[in-house]
Amino acid sequence: MFSPLVGLTDLDLSRNSISKIASGTFAIATTHSYLRDGIYHQALNFDLSSNNVSIIENNAFLHASKVNLRNNKLIGIGQYAFDNQTALEHLDLSGNNQLKNFDFLHNLRALHYLDMSHMNFSFDGVPRNIFDDLDSLTTLDLSNNRILEIPIGIFAELQSLNFINLRHNSISHIEFGTFSMRKYDLIDEIDLSYNNIKELNFLVFVPLKYLKTLLLHGNKLSRPMSDPTQENIENPTGATVGARLPGQE
């Protein structure tokens, strides 16, 4: 349908009644793409938000830099829905609260931004390697979900990660090693606001030498240190703690 539109850069199909994205639907061979490191890069943005999309078949997208699937009814995305050479950089899955299989993430090595907020998401039953192949990811939004615990090592392979948004969940405890990175520790902001954290030992963040902002407002903290022997240590990470970003409650 759209394949002849080789000069296309933006396609807005939001607020329609699309229920399925079949194989080849967005196989647009753009004329303005270029090959770098075995991946095609191009400015091709799709807005499919607020439809009724439940299934996205393999090879549905040939080229894409940004795909907005916010507020659909997704229950399945094919493992190869986004072509292996697609340099997808921005993916918004927020508001799809029935999506449980995330195997397709393993083929998105160029992805920089991933929004998985408002999905009723938790780590229960989710493979520990869910994020392992997202080598380029800088922003991960897991806010407004049902996360109770964060598995140790779940973020370990995210070597480019700068910002993790975990606000408005039900997290009560942060284990040592939760934010340990296997290769690089580039995280400079973590948002844990509006959870159920009652005690927190700041030493869990010490491995993050670039951490600048740590948001903890809206929790149930009575004191920051869970270890009474550390009561005289104030924020050994050097990060700004509890600061609110513009527009945040």
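Analysis parameters
Residues numbered from 1 in each chain as written. Predicted model: local features only at pLDDT ≥ 70, side-chain atom pairs only at ≥ 80, totals over all residues. Heavy atoms only, no water. Helix = DSSP H or I, 4+ residues; strand = E, 2+ residues; numbered from the N terminus. Buried < 20%, exposed > 50% of the residue type's maximum accessible area, 1.4 Å probe, protein only. Contact = heavy atoms within 4.5 Å. Areas by Shrake-Rupley, 256 points an atom, 1.4 Å probe, with all protein chains shown as cover. Phe/Tyr/Trp six-rings, centres within 6.5 Å; stacked < 30°, edge-to-face > 60°. Polar contact = N/O pair within 3.5 Å; in protein donor to acceptor, adjacent residues only side chain to side chain. Pairing = 2+ DSSP bridges. Core = buried A, V, L, I, M, F, W, Y, C linked by side-chain atoms within 4.5 Å.

Under the annotation held in an unreviewed UniProt entry, the protein chain carries the name Leucine rich immune protein (Coil-less) and is attributed to Anopheles melas.

K.L.:
Give a detailed account of the overall build of the protein chain, specifying residues and quantitative values.
P.N.:
The number of helices and strands found in the protein chain is zero helices and 15 strands. Counting every position in the protein chain, which comprises 249 residues, the buried fraction comes to 47%. At a minimum sequence separation of 6, the contacts of the protein chain that also span at least 24 residues come to 59%. Summed over its atoms, the accessible surface of the protein chain is roughly 11,700 Å², and 46% of this surface lies on carbon and sulfur atoms.

K.L.:
Give me the environment of K220: which residues, what numbers.
P.N.:
Tracing the backbone through its elements, the reader meets K220 in the loop between strand 14 (213-215) and strand 15 (240-241). Taking the C-alpha atoms as reference points, K220 and N196, separated by 24 residues in sequence, lie 5.9 Å from one another. Sequence-distant contacts of K220, that is, excluding residues within four places in its chain, are made with N196, I197 and K198.

K.L.:
Please provide a residue-by-residue account of the packing of aromatic side chains, values included.
P.N.:
In the structure shown here, the tally under the stated rule is eleven aromatic pairs. Seen in terms of ring centroids, F61 and F82 are 5.1 Å apart; in terms of plane orientation they differ by 20°. Their pairing is stacked. With F61 in the loop between strand 6 (55-56) and strand 7 (66-68) and F82 in the loop between strand 8 (76-77) and strand 9 (90-92), the pair connects residues that are 21 residues apart, well separated along the chain. On the numbers, 6.3 Å between centres and 45° between planes, the contact of F102 with F104 is tilted. F102 gets classed as buried once you look at its relative accessible area, which sits at 6%.

K.L.:
Describe the environment of L13, and please don't skip the residues or the numbers.
P.N.:
The residue L13 is located in the loop between strand 1 (10-12) and strand 2 (20-21) in this model. Assessed through its relative accessible area of 18%, L13 is described here as buried. Sequence separation of L13 and D47 is 34 residues, and the distance between their C-alpha atoms is 5.8 Å.

K.L.:
Go over the side chain of N96 with me, naming the residues and quoting the values.
P.N.:
In this structure, N96 sits in the loop between strand 9 and strand 10 (113-115). At 3.4 Å, the side chain of N96 forms a polar contact with the backbone nitrogen of K73. Of note is the side chain of N96, whose polar atom sits 3.2 Å from the backbone nitrogen of L74. Residues in contact with N96, not counting those within four places in the same chain, are L69, R70, N71, N72, K73, L74, H118 and M119.

K.L.:
Any chance you could break down the sheet that holds strand 8 for me, citing the residues and the numbers?
P.N.:
Strands sit in the order 2-6-8 across an open sheet of three strands; the sheet is parallel. Two strands in the sheet have a free side with no partner beyond their single neighbour: strand 2 and strand 8. Direction of pairing for strand 6 relative to strand 8: parallel, over a ladder of two bridges. Of the residues in strand 8, the one forming a bridge with I55 is G76.

K.L.:
Which residues make up the nonpolar core, and what values do they have?
P.N.:
In this structure, F61, L91, L93, L114, F131, F155 and F205 are the most contacted members of the largest nonpolar core, which totals 65 residues. Every residue in contact with F155, bar those within four places of it in the chain, is listed here: F123, F131, L140, L142, I150, I164, T178, F179 and M181.

K.L.:
If you had to explain unusual backbone geometry to someone new, which residues and values would you point to?
P.N.:
Its identity as a non-glycine residue notwithstanding, R15 has a phi of 55°, on the positive side. You can see R15 is positioned in the loop between strand 1 and strand 2.

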